[in-house]
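Report on the structure
Now for the letters of each chain:
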Amino acid sequence: VRTRKNEYHARTVILATGAEHRALNVPGEKELSGMGVSYCATCDGAFYKDKTVAVIGGGDTALGDAMYLSRMAKKVYLVHRRQEFRANQALQTAVQQNAAIELVLDAVPTAVLGEKRVDHLELLQNGASKTLPVDGVFVAIGSIPNTDFLGDLCKLDESGYILADETGVTTTPGVFAAGDVRTTPLRQVVTAVADGANCVQSIEQYFRKGNG
């Protein structure tokens, strides 16, 4: 492994470079991150009991987040830039039947507003400016794995995540993956920690088989 300062030699490597949330890149988003702007509904949803929130996105994650937040929030705006969602039909049906969720379609966020905390979301909908009063904004438009540096070291899926199950074993012997960088249905600290433990066990098994 070559870094900016040194070169390290090891018999195995655990890749745990994570992934970055895809951002809206609009004014106020970065400034209010952690103060009403969130990228994880299951992490921060409990802070919005009986409040009004907006979820941005149109895939399974966004619709799933909207359903999850509707259990605690007073109102959930589901904002999507198109008329049709990419999420599976069952989720779409559930969202459409949920009285706590209001669809805001053909709408593109242009700014997140607020002094010390989020209080409004600014949109451009069908060419007209619109403002939604919200206490929180949940961005669910995907994530970007930090795998560009890998080249062809091991196989990736179509989104760039390392192909590895909960054991951490990749397609390349001696190379293991843990956390958000690997293919996984849930990306949270608790799952990443578990991945690390599983990788250690997999490495021990790798050595016991006479590798390395």
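To keep things clear, this report deals only with the structure shown in the data block. What you see is a predicted model; the values in this text were computed from it and never measured. (Residues numbered from 1 in each chain as written. Predicted model: local features only at pLDDT ≥ 70, side-chain atom pairs only at ≥ 80, totals over all residues. Heavy atoms only, no water.)

Focus: the sheet that holds strand E5 (residues 75–79)
Strand order in the open sheet made by the five strands is E3-E10-E4-E5-E6, with parallel pairing throughout. The open sheet terminates on both sides in strands that have one partner only, identified here as strand E3 (37–38) and strand E6 (101–104). Inspection of the sheet shows E3 paired to strand E10 (residues 136–139) by two bridges, in the parallel sense. In the strand pairing of E10, Ser38 is matched with Phe138. In the packing of helix H2 (residues 60–69) onto the sheet, contacts are made with strand E4 (52–56), E5, E6 and E10, and the angle to E4 comes to roughly 165 degrees. (Pairing = 2+ DSSP bridges. Helix = DSSP H or I, 4+ residues; strand = E, 2+ residues; numbered from the N terminus. Contact = heavy atoms within 4.5 Å. Axes fitted to C-alpha atoms, helices over the stretch in contact; angles between N-to-C directions.)

Let's talk about the packing of aromatic side chains
Under the defined criterion, the tally for this structure stands at three aromatic pairs. Each ring, one from Tyr48 and one from Phe138, has its centre 5.3 Å from the other, and the planes form 75 degrees; the classification is edge-to-face. Placement of the pair is Tyr48 in the loop between helix H1 (41–44) and E4 and Phe138 in strand E10, with a sequence separation of 90 residues. A single burial state applies to Tyr48 and to Phe138, both of which are buried. (Phe/Tyr/Trp six-rings, centres within 6.5 Å; stacked < 30°, edge-to-face > 60°. Buried < 20%, exposed > 50% of the residue type's maximum accessible area, 1.4 Å probe, protein only.)

Some details on the sheet that holds strand E9 (residues 128–133)
The three strands lie next to each other as E7-E8-E9, forming an open sheet whose pairing is antiparallel. Of all strands in the sheet, those with a lone pairing partner are strand E7 (107–113) and E9, marking the two edges. This sheet shows a mean twist of 25 degrees between the axes of neighbouring strands, independent of strand direction. Sheet analysis places strand E8 (residues 120–125) next to E9, joined by six bridges and oriented antiparallel. Looking at the pairing, Leu124 lines up with Ser129 of E9.

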